[in-house]
Amino acid sequence: MAPVNLREENQNQQQSLSRFFNVLCPYSAQLLWNYKLNLTTDPKFESVATEVCRSTIAEIKECNEEERGRGYLVSCLVDHRGNISEYQCNQYITKITSIIFSDYRLICGFMDKCKEDINSLRCGSINVGQKDVHSQGEVIACLERALVRQAEQQERVHPIKDECQKAILRVAELSSDDFHLDRHLFFACRDDRERFCQNVQAGEGKVYKCLFNHKFEEAMSEKCRDALTTRQKLISQDYRVSYSLAKACKLDLRKQRCSLDSSLPRAREARLSYLLLCLEAAVHRGRPVSGECQGEMLDFRRMLMEDFSLSPEIVLHCRTEIEAQCSGLHRKGRTLHCLMRLGRGDRSSAVDSVCQSALQTLIQSADPGADYRIDRALNEACESVIQTACKHIRSGDPMILSCLMEHLYTEKMVGDCEHRLLELQYFISRDWKLDPILYRKCQGDAARLCHTLGWNETSELMPPGAVFSCLYRHAYRTEEQGRRLSRDCKVEVQRILHQRALDVKLDPELQKRCMTDLGKWCSDKTDTGQELECLQEHLEDLVSSCREVVGNLTELESEVRYINKKLQSKKNYLSIKLIHYSALKG
């Protein structure tokens with residue numbers, strides 16, 4: 001009798017078992033799916049929900065009015081599970097939720113709304129039992145990626161129907177509290193969750209938030225990073241896809257009337273950028289916004305600055321510039337700063353006007369002028385300068401940026417910090433509202449003298465870039481000329497003028513009108529303030545529009561020097577008097 005080869009026999013047994021499960025599993029998956037489907041549509045199942053959730057159903061009008069016997073009642077309770085206070089009802093619906101989200105076909109109404117799009121986009125099987133339970137999460141992931149791509153493309157090959165778009169975002173919203181419910185992300189990030197967020201308890205969006213914070217870590221897997229980016233892009237389209245943001249800011253959105261603009265379509269109103277602009281406007285006007293909401297806003301503003309791809313307008317309108325000059329710099333805000341560097345360059349390397357506008361809009365949404373820490377690239381580049389030159393200022397204070405500007409060409413400044421600072425200040429200088437100190441001190445003067453609107457509103461008669469010009473025209477008027485600036489606002493205008501004298505690109509009007517003359521007369525003047533001095537020296541040679549703005553600046557500069565000289569003389573006089581008084585007293 002031939003000896004038994006145990007290794008070979010073991011392999012044969014494993015192959016037999018594998019063939020057995022290959023035959024059995026589709027059948028088992030089919031039975032399991034049918035069981036789950038019956039659970040969500042069976043009248044007996046619904047009757048249990050009616051019994052344990054009696055008072056909840058009575059409180060929630062939408063659920064009370066749902067037609068019975070078709071599974072809509074249970075689906076409605078799942079939709080409103082965040083508002084369920086009854087303990088038994090909450091436990092019951094939580095269990096049902098985990099069943100429903102294991103397979104998109106069980107989500108009430110989703111099949112009807114998205115069946116055509118699933119087929120046209122080739123997102124997978126919609127036939128019962130053709131795919132295993134876990135892979136059904138890939139269908140929703142495919143639809144989510146298609147929805148994200150659609151926002152980033154000019155021409156839409158397979159436009160997703162509006163009702164399916166709403167269904168995709170609604171499913172993402174319903175899975176926002178527990179990352180287990182986003183099946184694709186859960187399986188893509190299982191190892192990363194253990195690596196980075198092992199001690200973070202699931203629920204209330206905490207695991208999502210933890211993973212977002214670690215997205216650009218070297219140890220983060222690419223499949224998890226991609227899944228997280230897709231979810232962040234969905235949040236950009238509808239802020240309610242973030243459980244923590246929607247919960248923290250719910251009351252503030254209502255108080256600040258951010259959800260009551262009937263002239264806007266619902267999709268626009270739900271955009272993350274709209275929420276941020278509306279609430280930032282309230283903060284800048286001194287209106288109360290809860291600390292919890294502001295904390296969430298800070299996280300998402302930092303997120304927008306860190307990853308340019310979360311802004312569909314940047315992806316759409318700056319694609320050429322990114323591919324040609326900024327590729328391979330995706331992480332930690334490097335791509336965005338590369339685009340900003342191109343934006344402040346000369347005409348030969350300047351970005352397209354539509355891309356420039358998209359960058360300006362993103363900077364306003366993220367509002368890094370209010371807290372430099374939002375801009376990670378700037379924060380890291382300028383850390384050593386802040387610790388030496390600006391250590392007397394509280395971390396996160398908007399005066400930090402002003403302090404960095406004061407040390408721009410001093411020995412305390414370092415090269416990387418200088419570049420990142422000028423890249424950001426170029427865009428801040430083009431909208432007076434983005435300097436929070438200037439806005440706080442001058443908003444009353446701007447409304448009175450320049451007829452400006454609210455923080456997140458613009459006027460064709462007085463665009464953001466023209467407001468500062470208006471303010472400095474009123475800065476040194478005499479009483480006879482009337483309508484002068486308040487003292488506090490005038491101090492801030494002087495501060496901005498001083499900063500802009502360091503680099504002509506920080507003065508939008510000067511750069512616009514004098515670009516040709518700068519190239520003609522001052523191309524070799526690159527040191528601090530040399531460009532403006534050069535233009536002043538060639539005043540008679542400049543074209544009329546450039547001559548006018550340089551003349552105005554020279555006049556204002558002289559007045560500032562005269563005022564400062566008078567203040568210094570007065571200060572010296574008081575010092576002498578104090579010394580004389582002390583000597584007499586001693």
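Residues numbered from 1 in each chain as written. Predicted model: local features only at pLDDT ≥ 70, side-chain atom pairs only at ≥ 80, totals over all residues. Heavy atoms only, no water.

Enquirer: When you look at the overall build of the protein in this model, what are you seeing that I'm missing?
Expert: Helix and strand content of the protein: 30 helices and 0 strands. Of all 586 residues assigned to the protein, the portion counted as buried reaches 47%. Looking at the protein alone, contacts between residues at least 24 apart form 62% of all its contacts between residues at least 6 apart. Summed over all atoms, the accessible surface of the protein reaches about 31,000 Å², with 50% contributed by carbon and sulfur. (Helix = DSSP H or I, 4+ residues; strand = E, 2+ residues; numbered from the N terminus. Buried < 20%, exposed > 50% of the residue type's maximum accessible area, 1.4 Å probe, protein only. Contact = heavy atoms within 4.5 Å. Areas by Shrake-Rupley, 256 points an atom, 1.4 Å probe, with all protein chains shown as cover.)

Enquirer: Help me out: how do you make sense of the packing of aromatic side chains in this one?
Expert: Each pair of aromatic rings is reported with the distance of its centres and the angle of its planes. Counted according to the given criterion, the structure contains 5 aromatic pairs. Summarising the aromatic geometry, the rings of F186 and F187 are spaced 5.1 Å apart at their centres and angled 65° between planes, so their arrangement reads as edge-to-face. Take F187: its relative accessible area is 23%, and that puts it in the partly exposed class. An angle of 45° between the planes, with centres 5.1 Å apart, marks the rings of W432 and Y439 as tilted. By the burial criterion, W432 is buried, and Y439 matches it. (Phe/Tyr/Trp six-rings, centres within 6.5 Å; stacked < 30°, edge-to-face > 60°.)

Enquirer: Even after reading the chapter, I still don't get the state of the cysteines, so can you show me in this structure?
Expert: The full count for this structure, using the stated rule, is 15 disulfides. The partner cysteine of C450 in its disulfide is C470, sulfur to sulfur 2.0 Å. On the S-S bond that ties C450 to C470, the torsion sits near -95°, and the link is left-handed. Note that C450 is positioned in helix α25 (residues 436-450) and C470 in helix α26 (residues 464-473), a separation of 20 residues in sequence. A relative accessible area of 2% places C450 in the buried class. According to the relative accessible area criterion, C470 is buried, its value standing at 3%. (Disulfide = S-S within 2.5 Å.)

Enquirer: Before we go on, may I ask you to explain the pattern of salt bridges in this structure?
Expert: Side chains that carry opposite charge are capable of pairing whenever their charged atoms lie near each other. Counting across every chain of the model gives 28 salt bridges. With a shortest N-O distance of 3.8 Å, K161 and E116 are connected by a salt bridge. Placement of K161 in the loop between α8 (136-151) and α9 (162-174) and of E116 in helix α7 (residues 110-120) is noted, with a sequence separation of 45 residues between them. E116 gets classed as exposed once you look at its relative accessible area, which sits at 55%. For the salt bridge of K206 with E204, the shortest nitrogen-to-oxygen distance reads 3.9 Å. Take E204: its relative accessible area is 40%, and that puts it in the partly exposed class. One continuous salt-bridge network, built from bridges that share partners, spans K209, E296, D299 and R302. (Salt bridge = Lys/Arg side-chain N within 4 Å of Asp/Glu carboxyl O.)

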